[in-house]
Every structure is written in C-alpha cells, then in structure tokens.
Protein chains: 2
Amino acid sequence: MPATIRDIKNKTGLSLATISKYLNGGNVLPRNRQLIEAAIEELHYEVNEIARGLVTNQTKLVGVMVYDIESLFVGNMLHYIGAELRRHGYGFLICDSFNDEEVETQNLQFLLKKKVDGLLVIPVNRSGKFMEPAKKVGVPVVLLDRAFYDEEFDFVGIDNRMAAYRAVKVLIENGHERIAVITSNVEYSGIYRLEGYLEAMKEAGLSVPEEYRRLGKHSFELGYKNMKELLALQERPTAVFLGNYETTLGGIMAVNESELSWPKDISIFGFDDLIMSRVVRPKIWIARQPMEQMCAKAVDILMERIGSKQTPEEQIMKVTFGIQLREGESIRRLNGRENPSGD
Amino acid sequence: MPATIRDIKNKTGLSLATISKYLNGGNVLPRNRQLIEAAIEELHYEVNEIARGLVTNQTKLVGVMVYDIESLFVGNMLHYIGAELRRHGYGFLICDSFNDEEVETQNLQFLLKKKVDGLLVIPVNRSGKFMEPAKKVGVPVVLLDRAFYDEEFDFVGIDNRMAAYRAVKVLIENGHERIAVITSNVEYSGIYRLEGYLEAMKEAGLSVPEEYRRLGKHSFELGYKNMKELLALQERPTAVFLGNYETTLGGIMAVNESELSWPKDISIFGFDDLIMSRVVRPKIWIARQPMEQMCAKAVDILMERIGSKQTPEEQIMKVTFGIQLREGESIRRLNGRENPSGD
DNA sequence: AGTTTTGAGCGAACCGTTTCGCAATTTTGG
DNA sequence: CCAAAATTGCGAAACGGTTCGCTCAAAACT
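Here the structure is a predicted model, which means the values were calculated and not measured.

Colleague: It is not clear to me how the overall build of chain A should be interpreted in this structure. Could you clarify?
Modeller: Helix and strand counts for chain A come out as 12 helices and 12 strands. Taking 2.2 N^0.38 as the reference for a compact globule, 343 residues should give roughly 20 Å; the C-alpha atoms of chain A span a radius of gyration of 26 Å, well beyond that estimate. In terms of its C-alpha atoms, chain A occupies a principal-axis envelope of roughly 85 × 40 × 30 Å. Across the 343 residues of chain A, 55% fall into the buried class. Contacts in chain A between residues at least 24 apart in sequence constitute 67% of all its contacts with a sequence separation of at least 6. For chain A, the exposed area adds up to about 15,400 Å²; of that, 47% sits on carbon and sulfur atoms. Seen as two clouds, the 43 positive and the 48 negative side-chain charges of chain A have centres 4 Å apart.

Spelled out as structure tokens, the structure:
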C-alpha cells in the first residue's frame, strides 16, 4: 500500500540507483533532486527501514536487557537511554530479566534473533559467560551499572567502592562510630559498595559487629526489614548506610513507622536520588549517580562501536563516573561543638 | 556470516521452496525432513526474521507507548506485557511519552516507521486524534488503562468510576462523613475515579467542601503535598481516598512524617497494590487492579487483531475488569459498637 | 583542440525469505 | 489396471531497498 522507491522511479523516470543515492545523501543534479523531492512529497514516500535493513544488515534497533523493569532505578535509566537512543534514530527492544539468570540468557537469544545492532545490558548474571553468543555474532555490547567478574565488556557506571567509601566517611567525620550497612551483596555494585563501607570503617579503626552488616537481595524489603531490626537492637547503631535506591526507600519507611526519627535518633545516608529528595523530610544525605550522563555515555560508546565495524580488539572501555554527595539533614553531629538536637 | 536457507539448499539438494515450506510447518517427505533437520543442526541455521518480515510484511514487533516509563504502575504493566508478548513470540518496542502529548505524537510516527505489527498504548493524550496515522496504515491498536474521550479503540482497563465508588462506599459504611479525595483530574482514569467518589458522596448525602477535593497531575507529590495540607486543616477530614499509586505513596509518606497515624487519626483508602502492601503497616485498604489479567487480555486482543487481517469494523471491544478491595486496618470505625482504638 | 579528470546516472545483481503456479509422483477408488 | 484426486517438490518471481561497475557527458587541464 505505501509508496515504494519504484513508484518514485516511475514518477520521475530516474533509476532506482539514483533515487537510492539521493535518499542516502549522495549527490544528484539539482533538477533531479527537485523531481525526486516533488515525487516523495506527492506520494508520501517513506523509506522502508526493514527492507533497507535487509541489505545493509542493520535494524537501527538496540536491545536493552535489564534485571527488573519494575525497579525505579531501571525505569529511570530506561528513560534516559530511550531519549538518547532516539537522538540517534534508534529504537530499543527491552527485555526484562525478572531478576532471573536463566531468563536473561534466553532474552539474549531472543534479541540476537531480532538482529539488534547493539546491546545495552544491566545484567543479573554475575558471570558474563552467557554473553558468549553475542560475542560470536559480533554484536557490540555495553554494560551499564554492573559488570561481570569474569568477562570484559565496555562498561559505564560509577566507582561503587569509592562511592560507598566517601559516603561512610561523611558519617565517620561527623563522629559516628556505630555505623551499620544495609546493602545487596548479590550483584556487582552491591558487593563493591559493601567493600567501600568496610574499607572506610577499617581505615577509621571502627569495628563492624556481625549484626551491623545487613546483606541480602537488592529490594525494598531488604531495607525495610533490616532497618526495623537495627532499630530494635540492644546496641542500636547511631548511623546506617543504605546501599541502593529500593533499600533506602524501605529503610526510610521503617524509620517513619517507628517512634524514632532522623537525625535525632538515627543518622542515615542513602543511595540514588530518584524521587526521595522531592518527598522526604528532613532531607536525607544521598549518594547521587549521574544517571543522565551515564546513560548518554553508554549510548555514545555503543553507537561508536556500531559505527566502526571492528570489534574493540583489546581496547575495551570502562568509564566510571564520580558520584555527588547531596547534603541533607539526616546526619547528627556527634563530635564538635554544635548541638545536633537543634536541627 | 550466519547460514542462510540457501546453505541448507546446497547441503540437502532440495529447493528453497521446500525448505521454506518445512520451516513454516508444511508437509515434507520424512526423508527430506530428516535431511533438512540434519542440515539445520549442522549449520546452526536460524531463520532471519527480518528477511522473512520483508515478504510477510510482519515484524513480530509490537509498539508500546506509555505515558511515563518511570512510573511504577507502568513498570508493572510492562513487566506483564513483556512476558505475555514473549509467549506469542513477539518483542516490544517501548516508547516513553515523558507525559508529553507532543512527544507521544512523534513516538507514534517513530513506531509506525519501524513497522510494528500492533500498538499497545497507555496514552497521555486525552484525545485520540493523534492516532490517525495508525488508523490510516491499518495497524491494530489496543488501549490500556486509559481511553480517549473522542475516538474509539479496543480498550482494556477497569471501571474507574465504579472502583472509586466502591472504595469510598467502604469509608462511608464505616461511618465516615468528612471524606477527602486526592486524585488526578487530568487523564482518563483519574477523572472517572473522581466521579465515582463524588457519586458515592452524593448518594450518601455527604457534602464535599472545596478544600476536600484535591486535584492535580498524577504524581507522588500530588499525594504528599495535599495530604500534608489536609492534615493541617482546621476541619480535618476523618478519611481520605487516594486515587492512584503514586499519589497513595505520597500520601502515606506525608502521614508518616506527621504526628498523626492511621487508622487512629485518619483513615485512608489507597489505589493500586504494587509494593505498598509488602511494606506499609498497618496495612492499608487498597483498590487492586488485576494487572496481570488486564495485560494478558490486552495482548490477547491485540494478537487477535493482528491475526485477522480485517480491521475491527464496528466491533470494537471494551473490556473492563472489576477491582478487588483488599482489606486492611487503615479505616477507623466511627459507627457501630467496636472500639476502633483497639486496632 | 585534444586528452584527462570528475561527476552523475544506469542496469543488474543481491540481501534472505515466502509464495504462486505448475509438474511430477503417489494414493485412492471404481 | 487405469483415471482422478491428492500430495509433494520445484523454479521463478516477488518483497523494497542498496551497491558495484560501467557508460557518458561536462569540466578541467595541457
């Protein structure tokens, strides 16, 4: 039904080759250019990208695999990724891994069959073995937020160890010594955030009792449940570092439901400034990832890889951004002269 | 690089037509079937869906347009939609409308260019005029959760008016008279939920002072800000009905941060059981949409439409599900004998 | 003015499938 | 046992573009 390049040919009397050349930005005589443009206008012609794809072997589609599409963090990423991809004329095929490694493996197959030009992955698998098929076919891959422990791919994220280290450092500088942590220890980022926490504690010569180390699966409940337990502890911590968005929100809920409040009874430092900052009072200290820049960079790299046919050889890129510590009023000052209860 | 049907032809000595027939489930002599299967196995052949698409004029791709990919409600929908679509061998191209009507209009163009086989839309536009191009091309469209006021399309959602009506009715039956509402009045569902609220109030002969009617744009802040204001009112309402997920969460936050608590000081009835129920205590009463069924149904209808070439003519389907009122402990009983403070 | 260079247009082949109409073979039935 | 019917296989033409190598005319040199 829609007009094809052949209709343009009939209308203008030019050859397919010439018209195709015009469509792809080649040089055409002014007279012919006019002819073609008039015909396109009249017939409402639009190039059929899938036909073009067949011969150029491109789909202008990027596959995006995420560990859980329901996660607010992921939603936020997707938001930026989508916008950036569109700027490049690309669409994206999203696959939700349901936090399941097996599903993720199948999703890869699916996307490969769809002939995506590239892959953007926030993985659930810790190992990159399952990405083998992508490597074999030569589809460029960029990892976001999480890397593998065994396979190298282009990567964009933050320095998680450093991020946590800096955050905990702030707590320490405010005189806190009994500092607990609630974070995931399952996937990439969580593990390094835990490390950063431990390092800061060790450096300051602070001990970390078993019950202050609250680990589990990245989730809302993780924060909620563990914060409840921490608050009920005999030897309650004076501060808690929360290692990701969902967990932070859960922790906040737990405090809100208790008799206690921050910064008076407990100091908190959270992660990822998604919507909390617009809602929670008193404002909490937050380690903020530059989501927009990260996504833009990831897409940039991917576009680069797609453009230059060559596989990256041994020049894999790992871009880590710094985080921003957004100040809040959720930390009580336990040293120095100020009276913390005043705030 | 990957094997093509022609490689199979060379290996087996059969014709393209026969092999194609086999691939599409046609009948082939047992001997040939074996031959083909062996060749496929050996060459790791997989059909190139985009080449197939060129001739069948199908992409096995569905376009999904959502008003805001960051919304938890949307994320949840996407989760189910994705799973269901995959069962049918379809992938989905997601477009985020950024809550912007203009962007949504452009997204449609984009998806149409990508030749999606069908469209699933949770729209931001109130009017369906912008869907004209889809109609013209004959791409089937199914609306989810929100319908247009002026154009008819297949639709799957809930009876919003009824849902709100039933929820508010519960509050009334518990003896509440000063009942406030916080909901969106911008898009489809919000409008009808407001109507349901008003109807229930009117029926019960209850008045709705201006300051009890809190309307605005579907958001977290809407609930947060307005709940704060309601709680600070001279003539504070005894109950509040919250009209959607984000708003409910905001409202809960606001109460949690105040000196007050439910059900003692204020009764609340929320909407959409996404993650709250797993976290908020005491449990709140919730109007629960059957997300999974809705998504499955929407996909079903779409598949149906895609299958039968014919445009639906005048037989447009509108499927509305009932909601489930999930009981909680967030409503104080103001009539009857029970002592509410006991719980 | 003659030769080289440059630039645009063209025909045909190709990308990897499906499908149509027909030929060949097998099965059915009288 | 032969004609009719049913089944399977085949060649070729699509689908809607891109691209390669060639021709030809105009522009740029000696």
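Colleague: What am I meant to see in empty space enclosed by the protein here?
Modeller: Think of a ball as big as a water molecule: rolled over the atoms, this probe shows where empty space is left. Inspection of the entire model under this criterion finds 4 cavities of 30 Å³ or more. A volume near 200 Å³ is recorded for the largest cavity. Taken together, 14 residues form the lining of the largest cavity, with A:Ile50, A:Leu61, B:Ile50, B:Thr59 and B:Leu61 sitting closest to its centre. For the lining of the largest cavity, the secondary-structure elements that each account for two or more residues are helix 4 (49-56) of chain A together with helix 4 (49-56) of chain B. Broken down by element, the lining of the largest cavity gets its largest block of residues, 3 residues, from helix 4 of chain B.

Colleague: Help me understand the nonpolar core in this model?
Modeller: Soluble, globular proteins show a tendency: their nonpolar side chains are buried together. The biggest cluster of nonpolar side chains holds 167 residues, and the ones touching the most others in it are A:Leu78, A:Ile81, A:Leu120, B:Leu78, B:Ile81 and B:Leu120. Ranked by size, the runner-up nonpolar core spans 44 residues in total, among them A:Leu61, A:Ala134, A:Phe153 and B:Leu111.

Colleague: Got a minute to help me understand the packing of helix 11 (residues 245-257) of chain A against helix 11 (residues 245-257) of chain B in this structure?
Modeller: Relative orientation and spacing of two packed helices are given, respectively, by the angle between their axes and the distance between those axes. As a packed pair, helix 11 of chain A and helix 11 of chain B sit with axes 9 Å apart at the nearest point and diverge in direction by 40 degrees. Classed by the angle they form, the pair helix 11 of chain A and helix 11 of chain B counts as oblique. The element helix 11 of chain A and its partner helix 11 of chain B pack so that their crossing is left-handed. Contacts between helix 11 of chain A and helix 11 of chain B pair A:Leu249, A:Met253, A:Asn256 and A:Glu257 from the former with B:Leu249, B:Met253, B:Asn256 and B:Glu257 from the latter. Residues belonging to the contact of helix 11 of chain A with helix 11 of chain B are distributed by class as follows: 4 nonpolar, 2 polar and 2 charged.

Colleague: Before we go on, may I ask you to explain the protein's contact with DNA strand C in this structure?
Modeller: Near DNA strand C, the surroundings consist of 26 residues, among which A:Asn32, B:Ile5, B:Arg6, B:Ser20 and B:Arg52 are the closest. Among all atoms of DNA strand C positioned within 4 Å of the protein, those belonging to sugar or phosphate total 66%. A:Thr18 is positioned such that a nitrogen or oxygen atom in its side chain is 3.1 Å from a phosphate oxygen of DNA strand C. Separating a phosphate oxygen of DNA strand C from a side-chain N or O atom of B:Ser20 is a distance of 2.6 Å. Residue assignment for the surface near DNA strand C shows that the elements contributing at least two residues are helix 2 (16-23) and helix 4 of chain A together with helix 1 (5-12), helix 2 (16-23) and helix 4 of chain B. Looking at the surface near DNA strand C residue by residue, the class counts come to 13 nonpolar, 9 polar and 4 charged.

Colleague: Just to check I follow, could you spell out the sheet that holds strand 7 (residues 213-216) of chain A for this structure?
Modeller: Strand pairing in a sheet is mediated by backbone hydrogen bonds. Such pairs are either parallel or antiparallel. All names here are of chain A. Taken in spatial order, the 6 strands make up an open sheet running 7-6-8-9-10-12, and their pairing is mixed. Each edge of the sheet is formed by a strand with only one pairing partner; in this case those strands are strand 7 and strand 12 (324-326). On average, each strand axis in the sheet is inclined to that of its neighbour by 15 degrees, with strand direction left out of account. Across 4 bridges, strand 6 (residues 179-184) lies against strand 7 in parallel orientation. Paired with Val181 across the strands is Arg213, a residue of strand 7. Helix-sheet contacts for helix 10 (residues 220-232) involve strand 6, strand 7, strand 8 (239-242) and strand 9 (267-271), and the interaxial angle to strand 6 is about 160 degrees. Contacts from helix 11 reach strand 6, strand 8 and strand 9 within the one sheet, and its direction differs from that of strand 9 by about 150 degrees.

Colleague: How should I be thinking about the sheet that holds strand 7 (residues 213-216) of chain B in this particular structure?
Modeller: All names here are of chain B. Judged by pairing direction, the sheet is mixed, and its 6 strands sit side by side in the order 7-6-8-9-10-12 without closing on themselves. For this open sheet the edge positions go to strand 7 and strand 12 (324-326), each flanked by a neighbour on one side alone. Averaged over all neighbouring strand pairs, the angle between strand axes comes to 15 degrees, with direction disregarded. Looking at chain direction, strand 8 (residues 239-242) and strand 9 (residues 267-271) are connected through 3 bridges and run parallel. By the bridge assignment for strand 9, Phe241 is matched with Phe269.

Thresholds, definitions, all that
- For every chain, the first residue of the written sequence is number 1, and numbering continues from 1 along that sequence.
- The naming scheme follows written order: chains are lettered A onward, ligands numbered 1 onward.
- In keeping with the predicted nature of the model, local features appear solely for residues at pLDDT of at least 70, side-chain atom pairs appear and are counted solely at 80 or more, and the whole-chain, interface and lining totals rest on all residues.
- To obtain the side-chain values, all non-hydrogen atoms of the structure were included, while hydrogens and water were left out.
- Think of it this way: any DSSP run of H or I at least four residues long counts as a helix, any run of E at least two long counts as a strand, and we number them from the N terminus.
- Restricting the calculation to C-alpha atoms gives the radius of gyration, and the globule rule supplies 2.2 Å times the number of residues raised to the power 0.38.
- Classification of residues uses two cut-offs on accessible area relative to the type maximum, computed with a 1.4 Å probe and protein chains only: under 20% is buried, over 50% is exposed, and between them is partly exposed.
- Here, residues are in contact when the closest pair of their heavy atoms is within 4.5 Å.
- To be clear on the numbers: accessible area is Shrake-Rupley with a 1.4 Å probe, and residue cover counts the displayed protein chains and nothing else.
- Note on charges: Lys and Arg go in the positive column, Asp and Glu in the negative column, and His and the chain ends are not counted at all.
- Charge positions come from single atoms, namely NZ of Lys, CZ of Arg, CG of Asp or CD of Glu.
- Using only the protein atoms, space was sampled on a 1 Å grid; points where a 1.4 Å probe fits but cannot get out form cavities, open sets with protein on both sides within 12 Å along at least five of seven lines form pockets, and lining residues are those with an atom within 4 Å of a point.
- Grid points are joined across faces, edges and corners, and a volume is the space filled by probe spheres set on the points.
- As used here, the term nonpolar core means buried Ala, Val, Leu, Ile, Met, Phe, Trp, Tyr and Cys residues forming a set that is joined through side-chain atoms within 4.5 Å.
- Between N-to-C directions, angles cover 0 to 180 degrees, with each direction set by a line fitted to C-alpha atoms, over the stretch in contact for helices.
- Angles are sorted into four bins: roughly parallel if under 35 degrees, roughly antiparallel if over 145, roughly perpendicular if 65 to 115, and oblique for all others.
- Crossing handedness is defined as follows: a turn of the near helix away from the far one that is anticlockwise and smaller than a right angle gives a left-handed crossing, while the clockwise case is right-handed.
- Following the grouping adopted for this structure description, the nonpolar residues are Ala, Val, Leu, Ile, Met, Phe, Trp, Tyr, Cys and Pro, the charged ones are Asp, Glu, Lys and Arg, and the polar ones are all others, Gly among them.
- Note on definitions. A residue lies near a molecule or strand when any single heavy atom of the residue is within 4 Å of it.
- A 3.5 Å cut-off defines polar contacts: any pair of N or O atoms within that distance qualifies, except that in protein one atom must be a possible hydrogen donor and the other a possible acceptor, and neighbouring residues in sequence count only when both atoms are side-chain atoms.
- We treat two strands as partners when DSSP finds at least two bridges between them.

This is a description of form; function is not addressed.
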